[in-house]
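One-letter residues, chain by chain:
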Amino acid sequence: MPESKAKNDPIDARLVRRLAGILNDTGLTEIEVERGDLRIKVARNLTAATPTVYAAAPAPAPAATAAAPRAAEPEYAGDLVKSPMVGTIYLQPEPGAPPFVRVGDMVAEGQTLVLVEAMKTMNPIPAPRAGRILEMLVADGQPVEFGEPLAVIG
C-alpha cells in the first residue's frame, strides 16, 4: 500500500487486529468501537473460522441502527443487574479470594457485585440498589456482552 494512502486511511489495522484477537480470546461473536466519526465493528460468523470486519464512517445515530432479533429474555423475580460493557466476569477480587457476593447475601447500593475486565482494566460493577442477591447469572471467567444480565437483586 502506498504510504500516502496509509496516512489518509482512517481505519487502524492494528486496532482491527486487536479487536479480532479479543473475539478469538473471549469467544464473543462481535465487538464494536467508536472513535470520533469512525465506527469499527468486528463480527464473527458462527459458521466461519475467521472474523468478518465492518467499518463505517461517520457513525449513524443510535436510533437509526437496526437491532437484530433477540430471544425473549426470561422473567426474573427481581431487578436485573446488566453488564455495562463487553468483557470477562470475575466474581472475586483475586484468585482464591471469596466472591464479592453469594446468592442470599444482602447488598447495599453501590456495593461491588462482580468485576468486568475490559481491555486489561478491571471495572467494578456496583449494586444499583440495596437488596438480596436472588440469583447469579454468570460464572467466573465467563465472557459477557453489553447488556447481558449478571445478577438478580430482590
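A short tour of the structure in this document, coming up.

### Quick word on the pairing of strand 7 (residues 112–118)
When you tally the buried positions in strand 7, you get 5 out of 7 residues, the bulk of the element. Strand direction decides the pairing type here: strand 5 (residues 87–90) and strand 7, joined by 3 bridges, are antiparallel. When the sheet's bridge partners are listed, Tyr90 is paired in strand 7 with Leu115. For strand 7 and strand 8 (residues 121–126), the ladder comprises 6 bridges, and the chain directions are antiparallel. Of the residues in strand 8, the one forming a bridge with Ala118 is Thr121. The antiparallel hairpin formed by strand 7 and strand 8 contains 2 residues in its connecting segment, where Met119 sits at a positive phi of about 55 degrees.

### Section: the side chain of Gln92
On the secondary structure map, Gln92 appears in the loop between strand 5 and strand 6 (106–107). Looking at Gln92, its side chain comes within polar contact range of the side chain of Asp140, at 3.2 Å.

Here is what the cut-offs are and how they apply
- Residues numbered from 1 in each chain as written.
- Predicted model: local features only at pLDDT ≥ 70, side-chain atom pairs only at ≥ 80, totals over all residues.
- Heavy atoms only, no water.
- Buried < 20%, exposed > 50% of the residue type's maximum accessible area, 1.4 Å probe, protein only.
- Helix = DSSP H or I, 4+ residues; strand = E, 2+ residues; numbered from the N terminus.
- Pairing = 2+ DSSP bridges.
- Polar contact = N/O pair within 3.5 Å; in protein donor to acceptor, adjacent residues only side chain to side chain.

In short, geometric facts, not functional conclusions.
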